[in-house]
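Chain by chain, the residues run as shown.
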Amino acid sequence: MNKLLLLDKDGTLISPKSGEKFVQSPWDQSPLPGVKEAISEARKNGWDIAVCSNQGGIDAGYKSLENCFQEMRFLLELFPEISECYFCPANYGFTGKECWRCWGKCLDDERIKYNQFASELSWSQYGKVDYRKPGGGMLILAQSINNADKVYFVGDRPEDEQAAANSYIPFLSADDWRGCFSGQSISPLQIKFLENLRTI
């Protein structure tokens, strides 16, 4: 069985070192408490791990596409157990028509861009393709490319939860996910997640 843990980025994995609301540079990223432990536990139990992130700052003019690639590259240095990143630059006026895929040793000419007419996937069962969360396209793309039988998505915002619902993927809040490994008391929902994490 191929198992895939999909993770949102900002507010789920990292917060800005600068203390600003948004990441100010590719290196302005600091791991949130419990994240490294949670990622290690998933890898120990045979899960592949990928990031699925909206990057609206590109369309809004706060960062360039190249800045975003550098940001993802540094994220993968912080968390080497994560295999790849998918992100939607929210191009064409904050619509989700494109999605980029990159990985740790990815060369500039190896980056892959998918558009909503991607022939690699059959989208008919999901309706309109929208890579930007709360659309489910980015999650469906990652699941398909990894040929995953079992998938979870972890995020910190309502659009993350909605993206999971739109792609028929179980969701866990980032607070609950990190909380499993940060010493706080465990809820029944977290126990169920941990059981699923450790079951083949």
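About the thresholds
- Every chain is numbered independently, its residues counted from 1 as its sequence is written.
- With pLDDT at 70 or above as the cut-off, local features in this predicted model cover only qualifying residues; side-chain atom pairs require 80 or more to be listed or tallied, and sums for whole chains, interfaces and linings still use all residues.
- In computing side-chain values, all of the structure's heavy atoms are included and hydrogens and water are not.
- Centre distance within 6.5 Å is the pairing criterion for rings of Phe, Tyr and Trp, where only the six-membered ring of Trp is used; planes under 30 degrees apart are then read as stacked, over 60 as edge-to-face, and the remainder as tilted.
- Numbering of helices and strands runs from the N terminus, with a helix taken as a DSSP run of H or I at least four residues long and a strand as a DSSP run of E at least two residues long.
- Note on classification: 1.4 Å probe, protein chains only; a residue is buried when its accessible area is under 20% of the maximum for its type, exposed when over 50%, partly exposed between these limits.

### Section: the packing of aromatic side chains
Inspection of the entire model under this criterion finds four aromatic pairs. Relative to Phe171, the ring of Phe153 lies with its centre 6.2 Å away and its plane at 55°, an arrangement referred to as tilted. Within this pair, whereas Phe153 is found in strand β8 (residues 150-155), its partner Phe171 is found in strand β9 (residues 171-173), the two being separated by 18 residues in sequence. For Phe153, a relative accessible area of 0% gives the class buried. Each member of the aromatic cluster is reached from another via a ring pair, and the members are Phe69, Phe87 and Trp100.

### Some points on unusual backbone geometry
With an omega of 20°, the peptide bond between Lys133 and Pro134 qualifies as cis. Summarising the element assignment, Pro134 is placed in the loop between β7 (112-115) and α5 (137-145). For Asn147, which is not a glycine, the phi torsion comes out positive at approximately 50°. Within the secondary structure, Asn147 is located in the loop between α5 and β8. Assessed through its relative accessible area of 53%, Asn147 is described here as exposed.

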